[in-house]
Amino acid sequence: MKRWSQYIGGKVERGSKQGEVFNPYKGTVCATYPVSNSEDIEHALVAANQAFEVTRNLPAYIRSNALIRLRDTLIGRKEEFVEVIVEEAAKPVKDARIEVERAINVLTLSSEEAKRMTGDVLPLDQMPGNERRIGITQRFPVGPVLAICPYNFPLNLGLHKVGPAIACGNPVIWKPSLLTPGAACLFGELVSEVGLPNGALQVLTASDELTQKMACDDRIKQLSFTGSARIGWMLKSVVGNKRATLELGGNAAVIVCEDADVKNTASR
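Residues numbered from 1 in each chain as written. Predicted model: local features only at pLDDT ≥ 70, side-chain atom pairs only at ≥ 80, totals over all residues. Heavy atoms only, no water.

Draft legend 1. Seen up close, helix α3 (residues 78-89). Relative to the 16 Å expected for 12 residues at 1.5 Å per residue, α3 spans 16 Å between its end C-alpha atoms, a close match to the ideal helical length. Buried residues of α3: Phe81, Val82, Val84, Ile85 and Glu88, and no others. Burial along α3 is one-sided: seen end-on, the buried residues are contained in an arc of 165°. For α3, the elements touching its buried residues are β1 (2-3), β4 (18-22), β5 (29-34), α2 (60-76), α4 (93-113) and α6 (182-191). (Helix = DSSP H or I, 4+ residues; strand = E, 2+ residues; numbered from the N terminus. Expected span 1.5 Å × (residues − 1). Buried < 20%, exposed > 50% of the residue type's maximum accessible area, 1.4 Å probe, protein only. Arc of directions from axis to C-beta. Contact = heavy atoms within 4.5 Å.)

Right, here's the structure in full:
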């Protein structure tokens with residue numbers, strides 16, 4: 001049975017109190033994770049803000065190369081991630097492998113976009129008095145990002161948030177679902193191998209209550225949430241005027257007709 005760790009401020013944190021992860025197919029405990037406490041949250045917030053003083057000034061090639069190294073490390077441990085996703089999310093091996101491949105692609109795309117953070121030059125001569133005037137825009141990292149992820153794609157949906165955040169120069173705190181925390185915790189172990197500043201990527205296995213408290217903290221500048229509409233809109237309502245990016249609920253209804261061959265369809 002695996003015993004996962006948090007990754008806070010560049011260090012592996014085992015914690016004293018442990019939660020249990022159940023295999024949804026077998027109903028048995030397949031792993032444990034450390035239950036975050038208030039000290040862990042504070043440590044992570046301090047580390048993220050300290051890291052931001054470094055990440056905001058990192059050249060594009062360093063951010064891009066760090067993401068490439070993360071990708072290559074993930075490729076080298078691909079089957080390990082597949083096993084974790086199968087065990088915790090009860091996915092077929094084929095689907096788990098597809099998820100890992102998608103996650104690898106996300107890191108590739110993020111590394112490429114790290115070099116494309118361009119601004120714009122806008123003509124302002126639409127009215128008299130503005131002749132030969134232009135407006136110049138430039139993009140800046142916003143600050144520490146809190147990435148809250150669901151259980152169903154524990155690696156890929158997390159990296160959809162982590163990859164772009166690192167590409168932009170933002171530290172990110174990854175809060176996975178406690179139903180499937182293993183992929184995020186395992187990915188946290190990779191961070192020490194790629195040369196990112198301590199606090200640039202952290203993984204916290206926090207309760208909903210502590211996660212909401214963290215989301216409301218002024219030191220978090222961007223909330224990225226994937227999950228239910230109910231929780232997403234609730235979080236947006238309590239985090240004040242900070243940026244919030246929400247991906248809420250699916251709209252993939254299935255109608256089973258009376259003449260359907262359910263057994264054949266299920267097997268396919």
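Draft legend 2. Representation of the nonpolar core. Membership of the largest hydrophobic core comes to 44 residues, with the highest contact counts inside it found for Leu70, Leu74, Phe81, Leu155, Leu159, Trp174 and Phe187. Per element, the largest residue contribution to this core is 7 residues, and it comes from α6. Aside from chain neighbours lying at most four places away, what touches Leu70 is Leu107, Ile166, Phe187, Leu190, Val191, Val194 and Leu196. If you look at the next biggest cluster of nonpolar residues, it comprises 18 residues, including Leu204, Ala215, Leu223 and Val239. (Core = buried A, V, L, I, M, F, W, Y, C linked by side-chain atoms within 4.5 Å.)

Draft legend 3. Focus on unusual backbone geometry. If you check the backbone angles, Ala90 has positive phi at about 55° while not being a glycine. Look at Ala90 and you get partly exposed, because its relative accessible area is 34%. Of note in the backbone geometry, Arg132 takes a positive phi value of approximately 60° without being a glycine. When you line up the elements, Arg132 lands in the loop between β6 (120-123) and β7 (134-137). You can call Arg132 exposed: its relative accessible area is 85%.

Draft legend 4. Fine view of the packing of α2 against helix α5 (residues 156-168). Interhelical geometry of α2 versus α5 gives an angle of 150° and a closest axis separation of 8 Å. In this view, α2 runs roughly antiparallel relative to α5, as classed from their interaxial angle. The chirality of how α2 crosses α5 is right-handed. In contact with Arg63, Leu67, Leu70 and Leu74 of α2, α5 contributes Leu159, Gly163, Ile166, Ala167 and Cys168. Per-class residue counts for the contact of α2 with α5 are 7 nonpolar, 1 polar and 1 charged. (Axes fitted to C-alpha atoms, helices over the stretch in contact; angles between N-to-C directions. Parallel < 35°, antiparallel > 145°, perpendicular 65-115°, else oblique. Left-handed = near helix turned anticlockwise from the far one by under 90°. Nonpolar A, V, L, I, M, F, W, Y, C, P; charged D, E, K, R; others polar.)

Draft legend 5. Inspection of the packing of aromatic side chains at higher detail. Using the criterion set out here, one finds 1 aromatic pair in the structure. Between Lys91 and the ring centre of Phe153, over which it is positioned, the NZ or CZ distance is 3.7 Å. A cation sits over an aromatic face here: Arg102 above Phe153, 5.7 Å from the ring centre. (Phe/Tyr/Trp six-rings, centres within 6.5 Å; stacked < 30°, edge-to-face > 60°. Lys NZ or Arg CZ within 6 Å of the ring centre and 35° of its normal.)

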